[in-house]
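Given next are the chains, with one letter for each unit.
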Amino acid sequence: MFEFGRLSTGVTKSAAIAVAFAVGAGAASGQETASSLGDAIANGEVGMVFRYRIETVDQAGFAEDALASVLKSRINFRPQDIGNLGFFFEVDNVSYLGEENFNSTRNGMTQYPLVADPDGTHINQAYVDFKNDSGYVRLGRQRINLDEQRFIGGVAWRQNEQAMDALTVVSNPLDNLDLHYSYVHGVSRIFGPDNGVPTDYYDSSSHLLNAGVNLATGGRLVFYHYALDLENGAAVSNQTTGVRFSQTINRGDLNFPVNVEFARQGDYGDNPIAYDANFTLLEAGVDTGDLRVMLGRQEFGGDQTAAQKMFRTPLATLHRYQGWTDRFLTTPPQGVENTYLALTTRGFAITWHDFNSEATSAHYGSEWDVSWQYNFNDNYNLLLKYATYNPDSWAADVDKLWIQFTASF
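Residues numbered from 1 in each chain as written. Predicted model: local features only at pLDDT ≥ 70, side-chain atom pairs only at ≥ 80, totals over all residues. Heavy atoms only, no water.

A.B. asks: How should the pairing of strand β18 (residues 380-391) be read in this particular structure?
C.D. replies: Of the pairings in the sheet, the one linking strand β17 (residues 363-375) to β18 comprises 11 bridges and is antiparallel in character. Looking across to β18, one finds that W372 is bridged to L384. The antiparallel pairing of β17 with β18 creates a hairpin that spans 4 residues between the two strands. In the sheet, β18 pairs with strand β19 (residues 398-408) via 10 bridges, with the strands oriented antiparallel. Along β19, the bridge assignment pairs L382 with F405. Counting the residues between successive antiparallel strands, the hairpin from β18 to β19 contains 6 residues, one of them, A395, with a positive phi of roughly 65°. (Pairing = 2+ DSSP bridges. Helix = DSSP H or I, 4+ residues; strand = E, 2+ residues; numbered from the N terminus.)

A.B. asks: Which parts of the structure should I look at to understand the side chain of Q142?
C.D. replies: Looking at the secondary structure, you find Q142 in strand β6 (residues 135-142). Note on Q142: relative accessible area 1%, which makes it buried. There is a polar contact of 2.6 Å between the side chain of Q142 and the side chain of T168. Sequence-distant contacts of Q142, defined by excluding residues within four places in its chain, comprise Q125, Y127, A163, M164, A166, L167 and T168. (Buried < 20%, exposed > 50% of the residue type's maximum accessible area, 1.4 Å probe, protein only. Polar contact = N/O pair within 3.5 Å; in protein donor to acceptor, adjacent residues only side chain to side chain. Contact = heavy atoms within 4.5 Å.)

A.B. asks: Is there a simple way to think about the packing of aromatic side chains in this case?
C.D. replies: One pair of aromatic rings is described through two measures. These are the centre distance and the angle between the planes. Inspection of the entire model under this criterion finds 22 aromatic pairs. Note on F328 and W394: the rings are 6.4 Å apart at their centroids and 20° apart in plane angle, and the pair reads as stacked. Note that F328 is positioned in the loop between β14 (292-300) and β15 (336-345) and W394 in the loop between β18 and β19, a separation of 66 residues in sequence. Given a relative accessible area of 3%, F328 falls into the buried group. (Phe/Tyr/Trp six-rings, centres within 6.5 Å; stacked < 30°, edge-to-face > 60°.)

Below, the structure written as structure tokens:
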């Protein structure tokens, strides 16, 4: 099935206004542009990515293990700019090679564990840019990754990427200041392109504000406010306000990265549950150039007795942070504390996680994540990845293995 999504007439009208404004402006200084649409297409760039992955899941409670053999094929095209106007178009196809011995959320194979990669063809990105020397305005379906993607991200790990139908303004009014604002009309989720449960698309009236300041000391300070009004996801609608500080301290051949973050979240839009919850992050480590070691602790708040009063992250790239077995894609009602130690060197990475309740003394479980990747050259990459979760009081015992080969052109 081929699907474009649900871009509204309101967004289309905004696109027309942006295009009309851009046509009347000159090109940004120093930028080589096409003189006609024909030249823009003739001088455009085509990109292709093929990502083949074998994923296995051995999960307690299922008599059968999941085995998914999935190929993502991506083609995109960027015409040469016309004056201040830029364009981008990207189509993804997800196909299965072999038997469907897994639950994709759409194929009805619920006797197997979940591998959330539904098949189909859809437009992943399609947008127009108006650019000048200090930033750009972008309108259409686009990938939005903010900061570390803990709250807003593209979920690029899954074969179907998360993209947003949005109007985005990015500006760098000062050398040390960058500003981002997005009005998000809809979210094309990883469960598409077909309709089903979970939903493939969030109808949205959301606002994303992010301001980053590069400090004279070499550190970076980020302030953000994300107001997520998801019309068909009222239970996860929320508004989050936070601040993040990052600094790398140099001492000879050693670097010491430090990250500190705090956010406060509450209900928003039509969420029927009134709540407040906190997020905190403390992270520090050492980097020799060949070896990087990081020790961290992040907490998503919850409530000891009341249900549905936990910190929510419905638009985040969740796979990156709470363990690769995805036991904590949804924050438990009593919140979660994730203490972790990560080591990375020469393509090899290993992380240990210890999970506890934030609001009680319960120990949820622990997890080991291990990966190794090798770049044959700029075009070909091999990734081997394994994760195992050992539960104490939360979720089921699970082991996952991935073998992935990517070719990019």
